[in-house]
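One-letter residues, chain by chain:
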Amino acid sequence: MVTRRRMIGAALASGAGVLVMRSTLHPAATATAADGSGAADAMDGMAGMAGTGAADGTGGATPGPVVPFTTAMPIPPVLSPTSTDGGADTYTVTMLKVRTRILPGRLTEVLTYNGSFPGPTIRARSGRKVVVKQVNRLDRPVSVHLHGARVPVDSDGGPMNLVNPGAAKTYTYPNDQPHAPLWYHDHAHHMESEHVYRGLSGFYLLTDEAERALPLPSGQYELPIALRDARFDEAGRLVYQMDDPFNRTTILANGRPWPYVEVAARKYRLRLLNSSNLRFFSLRLADGGPMTLIGTDGGLLERPFTTDTVDLSPGERADVVIDFSRYPIGTRLVLQNTLPPGPAELTGQVLRFDVVRAAYDASSVPSRLRTLPALAAPTAQRAVVLRMDEDGRANPQATIDGRVYDENRVDARVAFGASEVWTVTNANQLAPHNFHLHLVQFRVLERNGAPAAPAEAGLKDTVRLLPGETVRLQATFDSYRGRYPYHCHLLDHSAMGMMAQLEIT
């Protein structure tokens, strides 16, 4: 089991070479937010502190005051197809810079898909093709990766498969896989970290008949929520600096800092995405109340899992059901993050749920959600080691198996149809990582020699690796041939070289 102390230690050390443990936790972090009795949450007492120029060790400051829970959380717009002919839904998306209001009284320049921060949601169905024409109106090359999708190489959005400024590329997504909460984001090598940080990401929610047949909360009671952190200067500009976990202390939910969400006293399905570059989230309700985890990266679990904490490393997703009917109308309930780095009055709170009305609720969470296919007999074993310099040097490197990414090198050759067991190790003593395989959803077999916990028992495409941890996973490569990346999805790390390439033949 991963202890809370180990999780916190890893979060504090999440930057290569940034190893100073700062005493930034505020005494108010010990306050209990909402107690479920309808009382105002104690975090409101800290509202004037958030975003008022918290020290970042570099002379920077957050514009302020940003008063938590005074802005409603938006829901990303759902993209409408330009055509539904020929058995496919066709979309056109334009990448462009816009100035948008994130902080009060400021306009911030961001990189966007269709001018939306975060990008618009694409809703897709298994077995129905989606075609997206991506038009690049930026001043830099890009590559659009559909994270978690089973797609041909030419539509994977690999790091060197670039769309130059002024050009366009059409991506074809067969959707020949079960339901899953996918997401799309930039993947241009050495630039993906800054591009995603500045806004190039969005939801791609794939559903199928099996998922739609379940009585889960839906419609207005299904909330896609993209979480991330950010750093702003006094003019409200996004500040990007490679490997900068300590200074990204403004928490955004769907592009707004510490928003509130008005909910009815009934069940909601939250589609959570950690779209941060480096930050790990450990999410809990302020009263310690239960949450029902029903799915992860690759869709629904076989059985729901009741927990008080949901952990997400960058790129991971979680489907969670919260029943707000247990709270009186008038309750204000903070969703907290219990992991550093950063001042607890900033990074320790994420958003607030305001229970404002009664509502009829015919939804439920079945005791069995799906049946996953049986694991095949493994045909090969493979070991992968993640490591980065953490001795404070000026230009640290990040490697897989001791090598930085080289587009001309094949690091792993896989036979088509093979079902392989990969043993992935984080060889660092301080820096956390995670591991993402393109093309496939995999099963986590073991973590540090113990069977996968219930929260990792479903299909995954990204898995957390704290310092010294080892994870064994199994993936079957039976869909497409060609070269696909695998890498750490702490995007600052992959931009520093922690990426490799497999070839399926």
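Counting restarts for each chain: residues are numbered from 1 in the order of the written sequence. Side-chain atom pairs in this predicted model are given and counted only at pLDDT of 80 or more, local residue features only at pLDDT of at least 70, and totals for whole chains, interfaces and linings cover all residues. The side-chain quantities take in all heavy atoms of the structure and omit both hydrogens and water.

**Quick word on the environment of E234**
Under the scheme used here, helices are H or I runs from DSSP no shorter than 4 residues and strands are E runs no shorter than 2 residues, and both carry numbers assigned from the N terminus. Residue placement: E234 occurs in the loop between β9 (222-230) and β10 (250-253). The rule is simple: take the accessible area with a 1.4 Å probe, protein chains only, and divide by the maximum for that residue type; under 20% is buried, over 50% is exposed, in between is partly exposed. Judged by relative accessible area, E234 falls into the exposed class, the value being 58%.

**Some words on unusual backbone geometry**
Of note, the bond from F117 into P118 is cis; its omega dihedral lies within 30 degrees of zero at -5°. At the junction of P340 and P341, the peptide bond is cis and its omega measures out at 5° in the coordinates. Relative to the helices and strands, P341 is located in the loop between β19 (332-337) and α4 (344-347). One non-glycine residue with positive phi stands out, namely N175, at about 55°. Locating N175 in the fold gives a position in the loop between β6 (168-173) and β7 (180-186). The phi dihedral of H190 falls on the positive side, at around 70°, and the residue is not glycine.

**Some words on empty space enclosed by the protein**
Space inside and on the surface of the protein is sampled on a 1 Å grid over the protein atoms alone, with a cavity defined as a set of points where a 1.4 Å probe fits but cannot get out and a pocket as an open set with protein on both sides within 12 Å along at least 5 of 7 lines; lining residues have an atom within 4 Å of a point. Grid points are joined across faces, edges and corners, and a volume is the space filled by probe spheres set on the points. According to the stated counting rule, one finds two cavities of 30 Å³ or more in the structure shown. What lines the largest cavity is simply F117, P118, V196, G199, S201, A226, R228, N254, G255 and S275. Among the residues making up the lining of the largest cavity, the classes are represented as four nonpolar, five polar and one charged. Any residue outside Ala, Val, Leu, Ile, Met, Phe, Trp, Tyr, Cys, Pro, Asp, Glu, Lys and Arg is labelled polar, Gly included; the first ten of those are nonpolar and the last four are charged.

**Observations concerning the side chain of S193**
Position of S193 relative to the elements: it lies in helix α2 (residues 192-197). Once residues within four sequence positions are removed from consideration, S193 is found in contact with Y240, M242, N277, L491, D492 and A495. In this description, contact between two residues means that some pair of their heavy atoms is separated by no more than 4.5 Å.

**A few points about the pairing of strand β32 (residues 499-504)**
Successive residues of a regular strand alternate their side chains across the two faces of the sheet. The element β32 is largely enclosed, with a buried count of six among its six residues. By the alternation rule, side chains of β32 split into M499, Q501 and E503 and A500, L502 and I504, which are all buried. Two strands are said to pair when DSSP picks up at least two bridges between them. Here three bridges tie strand β23 (residues 412-414) to β32, and the two strands are oriented parallel to one another. Along β32, the bridge assignment pairs R413 with E503. In terms of strand pairing, strand β31 (residues 482-487) meets β32 through six bridges, oriented antiparallel. Residue pairing in the sheet places P485 in a bridge with Q501 of β32.

**Quick look at the packing of aromatic side chains**
To pair, rings of Phe, Tyr and Trp, with the six-membered ring standing in for Trp, must have centres within 6.5 Å; the planes then decide the type, stacked if under 30 degrees apart, edge-to-face if over 60, and tilted in the middle. On inspection of all chains with the given rule, the structure shows 12 aromatic pairs. Relative to Y173, the ring of Y171 has its centre 6.4 Å away and its plane inclined at 25°; by these criteria the two rings are stacked. Taken as a pair, Y171 and Y173 share a single burial class, namely buried. An aromatic cluster is built from Y221, Y268, F324, Y327 and F353, whose rings are joined through pairwise contacts.

**Examining the sheet that holds strand β5 (residues 144-147)**
Judged by pairing direction, the sheet is mixed, and its four strands sit side by side in the order β3-β8-β7-β5 without closing on themselves. Two strands lie at the open edges of the sheet, namely β3 (119-125) and β5, each paired on one side alone. The sheet shows a mean angle of 20° between the axes of neighbouring strands, direction not considered. In this description, a line fitted to the C-alpha atoms serves as the axis of each element, helices being fitted only across the stretch in contact, and the angle between N-to-C directions of two axes falls anywhere from 0 to 180 degrees.

**Digging into the nonpolar core**
Put simply, buried Ala, Val, Leu, Ile, Met, Phe, Trp, Tyr and Cys residues joined by side-chain atoms within 4.5 Å make one nonpolar core. I225, F324, L351 and F353 are the most contacted members of the largest nonpolar core, which totals 50 residues. Aside from chain neighbours lying at most four places away, what touches F353 is V261, V263, L270, L285, I322, F324, T331, R332, L333 and L335. Core analysis: the next-biggest nonpolar cluster, separate from the first, contains 37 residues, I400, L439, F477 and C488 among them.

**Some words on the layout of surface pockets**
Of the voids in this model, the second largest pocket is the one considered here, and its volume is about 490 Å³. Every residue lining the second largest pocket is counted, 24 residues in all, and those nearest its centre are R150, P373, Q441, L459 and T476. Secondary structure elements with two or more residues in the lining of the second largest pocket: β26 (442-447) and β30 (470-476). Of the residues forming the lining of the second largest pocket, the biggest block, three residues, is contributed by β30. For the lining of the second largest pocket, a count of residues per class yields 11 nonpolar, nine polar and four charged.

**Quick look at the environment of L437**
With respect to the element layout, L437 can be found in strand β25 (residues 433-437). Given the relative accessible area of 0%, L437 is considered buried. Expressed as a C-alpha distance, the spacing of L437 and A500, which sit 63 residues apart in the sequence, is 9.9 Å. Setting aside chain neighbours within four positions, we find L437 in contact with W422, F442, D461, L473, A475, P485, Y486 and L502.

**Topic: the pattern of salt bridges**
Salt bridge criterion: a side-chain nitrogen from Lys or Arg within 4 Å of a carboxyl oxygen from Asp or Glu. Applying the stated rule across the entire model yields 33 salt bridges. Salt-bridge contacts for R128 lead to D89; the nearest nitrogen and oxygen are separated by 3.0 Å. Placement of R128 in the loop between β3 and β4 (129-136) and of D89 in strand β1 (residues 88-100) is noted, with a sequence separation of 39 residues between them. For the pair R128 and D89, one class covers both residues: buried. Here R403 ties to D411 by a salt bridge, and the two come within 3.2 Å at their closest N and O atoms. Connected through salt bridges with shared partners, the residues R123, E211, E222, R269, R271 and D319 form a single ionic network.

**Overview of the sheet that holds β1**
Judged by pairing direction, the sheet is mixed, and its four strands sit side by side in the order β2-β1-β4-β6 without closing on themselves. This sheet does not close on itself; its edge strands, each paired only once, are β2 (108-113) and β6. Strand after strand, the sheet turns through a mean of 20° between neighbouring axes, direction not considered. Pairing between β1 and β2: six bridges, direction antiparallel. The residue bridging V98 from the neighbouring strand is V110, located in β2.

**Some remarks on the confidence of the model for the protein**
As a per-residue quantity, pLDDT reports the predictor's confidence and falls between 0 and 100. Summarising the model, the protein shows a mean pLDDT of 90, and 87% of its residues fall at 70 or more. Across residues 15-63 the pLDDT falls below 50, and counting only partners more than four positions away or on other chains, this stretch makes 116 contacts in the model.

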